[in-house]
Amino acid sequence: MSATTVALEQPITIRKHLILGILLLSIIASIFWIDSRYPALLKKLHAAASVKVKGPLTFDTVLQENPQAALANRVGATFVNWLAANRVGMTFGFLFAAGVLSLLPSLHRTGSTNRYKNVFLGTLRGVPLAVCSNCVAPIGQGLYDSGSSQESALATMLTSPTLNVIVLALLFSLFPVQLALLKIGLTLALLFLVLPRLAASARRSPAIADASALSAEESWASAAMFTASRYLKSLWYLLRTSLPLMLLAALLGALCIQLLPHNWVPTHVTFLGILLVSVIGTFLPVPMAFDVFASYVALRSGVPAPYVAAMLCTLGAYSIYSFLVTGRSISWKTAASVYAAVCVTGIVAAIATAAFLHV
């Protein structure tokens, strides 16, 4: 076969791989969004204030968490309940991330040098995903390892749990409009004022080889075999690098919440109290929309509004799992910087609520 023939065939075979890859991603996303995530979010939206929060880190429980039991038993129950609550979202996260990682390197596209544009594109990707800060972590890793910029991958991770349209509808239905606008404003500031400055210029090479091997393809069958092989390699890479971190994050989250006293939020507003709420809120790995309902329950229970504002801006935006995956795939400095930035949004929200808002 001549070089000219190969040059003519390669765009065709690459298109076959892209078509199959896009089809696979569409099937994975459609099943999750239509069968699970958006019906569940819409159900919560319709129930609104009557939604129950039964576990310290989950809406529902499969194991009863006895407050009088030994610490190990309580941590174990919370750990199991967390895995059960996140099983569908985490499955989607890994499957979708593998599709991203196997598909995007074939596009041979270089990211923009405009970091604000990259954040905007990452935001457009994150908003419809509708997965929590935990389940989106493998997707962020897949984006970055496939060649996306740091700021774009991080924007996707931060916007999926915070700026989804149904989550925003819940936010405005349960909280005073000024508090809802404060959360949105601080989230946008984090995205467009902080992320571009945090992201480094260095970029990691894709973890999965590029599409050069496609030049030997001659049929749809061979393209399908190549797509399946590459997808499985990507999935195995993500599972062996991020699944252990998921289990560690679940254990750390369960240990953290069980070590805290039942009413761990202070009753009097102090800067140290605000800092405590912001740090713990950023740490805890909670499910999608849990931050909105937990903050609403706290407000109705008489927790001071500044603490509620801090919870609303930190709980669910990031988590210990996001931190671990970001640290391993990008850098620990970046992971710590994002963690600190999310904490600062909680602190600013609390101070602004105390000073200017009458909630």
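Cut-offs used in this document
Each chain carries its own residue numbering, running from 1 in the written order of its sequence. Only residues with pLDDT of at least 70 get local features here, since the model is predicted, and only at 80 or more are side-chain atom pairs given and counted; chain-wide, interface and lining totals rely on the full set of residues. No hydrogens and no water enter the side-chain calculation; it runs on all heavy atoms of the structure. On a range of 0 to 100, pLDDT expresses the predictor's confidence in each residue. By definition in these notes, contact holds between two residues if any of their heavy atoms fall within 4.5 Å. The helix and strand labels rest on DSSP assignments: H or I over at least four residues marks a helix, E over at least two residues marks a strand, and numbering proceeds from the N terminus. Within this scheme a cavity is a closed region of a 1 Å grid, computed over the protein atoms alone, that accommodates a 1.4 Å probe without allowing it to escape, whereas a pocket is open but has protein on both sides within 12 Å along at least five of seven lines; lining residues each have an atom within 4 Å of a point. Grid points are joined across faces, edges and corners, and a volume is the space filled by probe spheres set on the points. To get an axis, a line is fitted to the C-alpha atoms, and for a helix only the part in contact is used. The angle between two axes follows their N-to-C directions and goes from 0 to 180 degrees. Any angle between 65 and 115 degrees counts as roughly perpendicular, while under 35 counts as roughly parallel, over 145 as roughly antiparallel, and the rest as oblique. Two helices that cross are described as forming a left-handed crossing if the nearer one is turned anticlockwise from the farther one by less than a right angle, and a right-handed crossing if clockwise. Throughout this entry, Asp, Glu, Lys and Arg are counted as charged residues, while Ala, Val, Leu, Ile, Met, Phe, Trp, Tyr, Cys and Pro are counted as nonpolar. The remaining residues, Gly among them, count as polar.

A. Broad picture of the confidence of the model for the protein. Mean pLDDT for the protein: 88, with 88% of residues reaching 70 or above. Across residues 1-12, where pLDDT falls below 50, the model places 8 contacts with residues more than four positions away in sequence or in other chains. Note on residues 205-212: pLDDT under 50 across the span, and 20 contacts to partners over four residues away in sequence or across chains.

B. Molecular detail of the environment of phenylalanine 323. Inspection of the secondary structure puts phenylalanine 323 in helix H12 (residues 320-329). When the C-alpha positions of phenylalanine 323 and leucine 245 are compared, they lie 9.9 Å apart, and in sequence the two are 78 residues distant. Setting aside chain neighbours within four positions, we find phenylalanine 323 in contact with Tyr318, Trp332, Ala335, Ala336 and Tyr339.

C. Layout of empty space enclosed by the protein. For the structure shown, the criterion picks out 2 cavities of 30 Å³ or more. What the largest cavity holds in volume is close to 70 Å³. Counting only elements with at least two residues in the lining of the largest cavity, the list comes to helix H5 (150-162) and helix H7 (177-198). The greatest single-element share of the lining of the largest cavity, amounting to 4 residues, is contributed by H7.

D. Fine view of the packing of helix H9 (residues 271-283) against helix H11 (residues 305-314). Close contact between H9 and H11 brings their axes to 8 Å; oriented N to C, the two are set at 25°. If you check the angle between H9 and H11, you find them roughly parallel. The interaxial crossing formed by H9 with H11 has right-handed handedness. Side by side, H9 and H11 meet where Gly273, Ile274, Val277, Ser278, Gly281 and Thr282 of the first sit next to Tyr307, Ala310, Met311 and Thr314 of the second. Grouping the amino acids of the contact of H9 with H11 by side-chain chemistry returns 5 nonpolar, 5 polar and no charged.

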